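Chains, contacts and geometry: an overview
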Amino acid sequence: MSDAQAPVFQILTVYLKEASIEQPNSPAIRLEQQEAPAIDIQLGVEAQQAGEGLFEVSVGATVTAKVGDRTLFLVECKQAGLFEIRGFDDAQVGGLVGAMCPQIVFPDLRSNVSDLTTRAGFPPVTLAEINFQAMYEQQQAAQQGSPIITNA
């Protein structure tokens, strides 16, 4: 196989795509808070083709902290990466985009979520490690091979 035909997997850039934090019930809830908040974390992976052989893959997290039925804080954060992927078959591209790319951007997402909560005056929220390969395989089994990639 010549160099021109060799498969290419390259990280072009990793970046913070979106970030927000809301404290809808502050300062009152901070003054009366006595119990530990209930933390709910939702994660999602999105991928889209950004050009010929280029893919944007993002991992998003929504973290909601509630005391009773009142929101203490809400963090929404999306970390993305732009990847060049060429010379692989469709199944291999699906695996790279659905598992490897999210695994690459996830550490930055974890750091940003922790930083946002700390900067807002709360203890850091640290997202648990994720096995994106297992998550991708479960998704593929449930969707029976439906593509993860959307066109931009």
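Residues numbered from 1 in each chain as written. Predicted model: local features only at pLDDT ≥ 70, side-chain atom pairs only at ≥ 80, totals over all residues. Heavy atoms only, no water.

**Notes on the overall build of the protein chain**
Counting its secondary structure elements, the protein chain contains three helices and five strands. With respect to the principal axes defined by its C-alpha atoms, the protein chain has extents near 65 × 30 × 25 Å. Taking all 152 residues of the protein chain together, the buried fraction comes to 34%. By sequence separation, contacts in the protein chain at least 24 residues apart represent 71% of the contacts at least 6 residues apart. Accessible area of the protein chain: about 8700 Å², with a carbon and sulfur share of 50%. Here the protein chain carries 8 positive and 18 negative side-chain charges, and the mean point of each set is 9 Å from the other. (Helix = DSSP H or I, 4+ residues; strand = E, 2+ residues; numbered from the N terminus. Buried < 20%, exposed > 50% of the residue type's maximum accessible area, 1.4 Å probe, protein only. Contact = heavy atoms within 4.5 Å. Areas by Shrake-Rupley, 256 points an atom, 1.4 Å probe, with all protein chains shown as cover. Lys, Arg positive; Asp, Glu negative; His and termini not counted. Charge placed at Lys NZ, Arg CZ, Asp CG, Glu CD.)

**Some points on the pairing of strand E2 (residues 38-51)**
Examined bridge by bridge, E2 and strand E3 (residues 54-67) share 13 bridges and lie antiparallel to one another. What sits directly across from Ala38, in E3, is Lys66. Count of turn residues in the E2/E3 antiparallel hairpin: two residues, of which Gly53 carries a positive phi of about 75°. (Pairing = 2+ DSSP bridges.)

**Points about the pattern of salt bridges**
Inspection of every chain in the model, using the stated rule, returns six salt bridges. Of the charged contacts in the structure, one is a salt bridge between Arg70 and Glu32, with a shortest N-O distance of 2.3 Å. Highlighted residues: Arg70 in strand E4 (residues 70-86) and Glu32 in helix H1 (residues 28-32), separated in sequence by 38 residues. In this structure, the salt-bridge partner of Asp115 is Arg119, at a minimum N-O distance of 2.9 Å. Remark: Arg119 and Asp115 occur in helix H2 (residues 90-119); sequence separation between them is four residues, near one turn of the helix. (Salt bridge = Lys/Arg side-chain N within 4 Å of Asp/Glu carboxyl O.)

**With respect to a nonpolar patch on the surface**
A cluster of nonpolar side chains, contributed by Ile39, Ile41 and Leu43, occupies part of the molecular surface with about 220 Å² of accessible area. Overall, Leu43 belongs to the partly exposed group, its relative accessible area being 37%. (Patch = residues over 30% accessible without salt bridge, like charges linked within 9 Å, V, L, I, M, F, W, Y side chains within 5 Å.)

**Details of the environment of Ser20**
Along the polypeptide, Ser20 turns up in strand E1 (residues 8-22). On the basis of relative accessibility, which here comes to 27%, the residue Ser20 falls in the partly exposed class. The spatial distance from the C-alpha of Ser20 to the C-alpha of Thr62 is 9.7 Å, given a sequence separation of 42 residues. With near-sequence residues (within four places) excluded, Ser20 lies in contact with Leu74, Val75, Glu76 and Leu116.

**Things to note about the pairing of E3**
Among the 14 residues of E3, 11 are classified as buried, and the element is accordingly described as predominantly covered. Bridge analysis of E3 against E4 gives 14 bridges, and the strand direction is antiparallel. The partner of Lys66 across the bridge, within E4, is Thr71.

**Points about the packing of H2 against helix H3 (residues 132-143)**
A pair of packed helices is captured by two measures, namely the crossing angle of their axes and the spacing between those axes. Two elements in contact, H2 and H3, have axes separated by 9 Å at closest approach and are oriented at 140°. Classed by the angle they form, the pair H2 and H3 counts as oblique. When the axes of H2 and H3 are compared, the crossing they make is right-handed. Facing Ala91, Gly94, Gly95, Gly98, Ala99, Pro102, Gln103 and Phe106 of H2, the residues of H3 in contact are Phe132, Gln133 and Tyr136. Of the residues assigned to the contact of H2 with H3, the class counts are six nonpolar, five polar and no charged. (Axes fitted to C-alpha atoms, helices over the stretch in contact; angles between N-to-C directions. Parallel < 35°, antiparallel > 145°, perpendicular 65-115°, else oblique. Left-handed = near helix turned anticlockwise from the far one by under 90°. Nonpolar A, V, L, I, M, F, W, Y, C, P; charged D, E, K, R; others polar.)

**Focus on the packing of aromatic side chains**
Under the defined criterion, the tally for this structure stands at three aromatic pairs. When the centroid spacing of 4.7 Å and the interplanar angle of 35° are considered together, the rings of Phe73 and Phe122 count as tilted. One end of the pair, Phe73, is in strand E4; the other, Phe122, is in the loop between H2 and H3, with 49 residues separating them in the sequence. Judged by relative accessible area, Phe122 falls into the buried class, the value being 9%. The interplanar angle of 65° and the centroid separation of 5.4 Å between the aromatic rings of Phe106 and Phe132 together place this pair among those described as edge-to-face. (Phe/Tyr/Trp six-rings, centres within 6.5 Å; stacked < 30°, edge-to-face > 60°.)

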